[in-house]
Amino acid sequence: MARIVFVLTDALHNQAVPAGSDPVTAKLVARSILLAIHAFTDADNQDALALLRGLRNEVLHAG
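Residues numbered from 1 in each chain as written. Predicted model: local features only at pLDDT ≥ 70, side-chain atom pairs only at ≥ 80, totals over all residues. Heavy atoms only, no water.

### Regarding the overall build of the chain
A count of helical and extended segments in the chain gives three helices and zero strands. Going from N to C terminus, the chain has its helices and strands arranged as α-α-α. Taken over the C-alpha trace, the chain has a radius of gyration of 11 Å; the compact-globule value for 63 residues is 11 Å, and the two agree within 12%. Based on the C-alpha atoms only, the size of the chain along its principal axes is roughly 30 × 20 × 15 Å. Counting only residues that meet the buried cut, the chain has 25% of its 63 residues in that class. Counted over contacts in the chain with a minimum sequence separation of 6, partners at least 24 positions apart contribute 53%. Just so you have it, the chain exposes about 4,800 Å², and 60% of that area is on carbon and sulfur atoms. (Helix = DSSP H or I, 4+ residues; strand = E, 2+ residues; numbered from the N terminus. Rg over C-alpha atoms; globule rule 2.2 N^0.38 Å. Buried < 20%, exposed > 50% of the residue type's maximum accessible area, 1.4 Å probe, protein only. Contact = heavy atoms within 4.5 Å. Areas by Shrake-Rupley, 256 points an atom, 1.4 Å probe, with all protein chains shown as cover.)

### Describing the nonpolar core
Membership of the largest hydrophobic core is limited to twelve residues, which are Ile4, Leu8, Leu12, Val29, Ile33, Ala36, Ile37, Ala48, Leu51, Leu52, Leu55 and Val59. Looking at this core, the elements that each hand over two or more residues are α1 (2-19), α2 (23-40) and α3 (45-62). The dominant element in this core, judged by the number of residues it contributes, is α3, at five residues. (Core = buried A, V, L, I, M, F, W, Y, C linked by side-chain atoms within 4.5 Å.)

### Some words on the layout of surface pockets
As a volume, the largest pocket reaches approximately 350 Å³. Lining the largest pocket we find 17 residues, and of these Leu12, Ala16, Arg56, Val59 and Leu60 sit closest to its centre. Elements represented by at least two residues in the lining of the largest pocket include exactly α1, α2 and α3. Among the elements that take part in the lining of the largest pocket, α1 stands out by supplying six residues, more than any other. A per-class count over the lining of the largest pocket returns eleven nonpolar, five polar and one charged. (1 Å grid on protein atoms, 1.4 Å probe; cavity = no way out; pocket = protein on both sides within 12 Å on 5 of 7 lines; lining within 4 Å. Points joined across faces, edges and corners; volume = space filled by probe spheres on them. Nonpolar A, V, L, I, M, F, W, Y, C, P; charged D, E, K, R; others polar.)

### Remarks on the confidence of the model for the chain
For the chain, mean pLDDT is 75; residues scoring 70 or higher make up 90% of the total. Per-element confidence in the chain ranges from a low mean pLDDT of 74 for α1 to a high of 78 for α3. (pLDDT = per-residue confidence, 0-100.)

### Overview of the environment of Leu60
With respect to the helices and strands, Leu60 occurs in helix α3. For the pair Leu60 and Ile37, spaced 23 residues apart in sequence, the C-alpha to C-alpha distance is 19 Å.

Written as structure tokens, this is what we have:
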């Protein structure tokens, strides 16, 4: 799970800079992350959303 979190956090971080404040790009990035979480885990919707919030917070604090 730690590797998945690292890879998804890195992907989100790399996409955040070029996306800027474009909501369409942000939505696509978030959707990709949720699909990846679902593909690699048995997480239900609440678990996936909690992990996504954690990833978002990590990226915001790393910048």
